[in-house]
Amino acid sequence: MSERSWWVVRGAALLGAAAVALGAFGAHSLNELLEESGRTEIWKTASTYHLIHSLLLLFLGWHGISIWRCGLLIAGTLIFSGSLYLLCLTGHTWLGAITPIGGTLLILVWFSLVFINKENGRS
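So, here is what we can say about the structure in this document. Bear in mind that the values here come from a model prediction, so they are computed numbers and not experimental data.

1. Details of the overall build of the chain
Now for step 1: Of regular secondary structure, the chain possesses 5 helices and 0 strands.
Now for step 2: Listing every helix and strand of the chain by position from the N terminus yields α-α-α-α-α.
Now for step 3: Seen through its C-alpha atoms, the chain measures out along the principal axes to roughly 50 × 25 × 15 Å.
Now for step 4: Within the chain, counting contacts between residues at least 6 apart in sequence, those at least 24 apart form 71% of the total.

2. Section: the environment of Trp 94
Now for step 1: Here Trp 94 is to be found in the loop between helix H4 (67–90) and helix H5 (99–112).
Now for step 2: Taking the C-alpha atoms as reference, Trp 94 lies 18 Å from Thr 77; in sequence the two are 17 residues apart.

3. Thoughts on the packing of aromatic side chains
Now for step 1: Considering all chains together, one arrives at 3 aromatic pairs under this definition.
Now for step 2: Arranged with centres 4.7 Å apart and planes meeting at 55 degrees, the rings of Trp 43 and Tyr 85 form a pair that is tilted. Here Trp 43, found in helix H3 (residues 40–62), pairs with Tyr 85, found in helix H4; they are 42 residues apart in sequence, far enough to count as distant.
Now for step 3: The interplanar angle of 75 degrees and the centroid separation of 5.5 Å between the aromatic rings of Phe 111 and Phe 115 together place this pair among those described as edge-to-face.
Now for step 4: Between the NZ or CZ atom of Arg 10 and the centre of the ring of Trp 7, over which it lies, the distance is 4.6 Å.

About the cut-offs
- Residues numbered from 1 in each chain as written.
- Predicted model: local features only at pLDDT ≥ 70, side-chain atom pairs only at ≥ 80, totals over all residues.
- Heavy atoms only, no water.
- Helix = DSSP H or I, 4+ residues; strand = E, 2+ residues; numbered from the N terminus.
- Contact = heavy atoms within 4.5 Å.
- Phe/Tyr/Trp six-rings, centres within 6.5 Å; stacked < 30°, edge-to-face > 60°.
- Lys NZ or Arg CZ within 6 Å of the ring centre and 35° of its normal.

All quantities given are derived from atomic positions and should not be read as evidence of function.
Here it is as structure tokens:
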């Protein structure tokens, strides 16, 4: 595994740990706040997408797949889930307008995987 891939794997591990911690935080510490505001499902969506894309990043890093895909994946996860977490915590509904930017980046990463060269993981 290359040095760059190793750093991506470490980043994925941290992103995954944060996903689990934020999911638990929402379920336990913020449960009352989220239920009162009707934002429980939004928090669940944020933490689910956060965890799924942490696992995808781990896979991409482990297999040495192009760094630009990993960068897009990190940015998409932070924008998508991050905007939803902030919306839940602050009540600023305008943050929901940012979420589709992150979602678009995530879709682009998934779509880009169609074009990976099977021999070397590059497009």
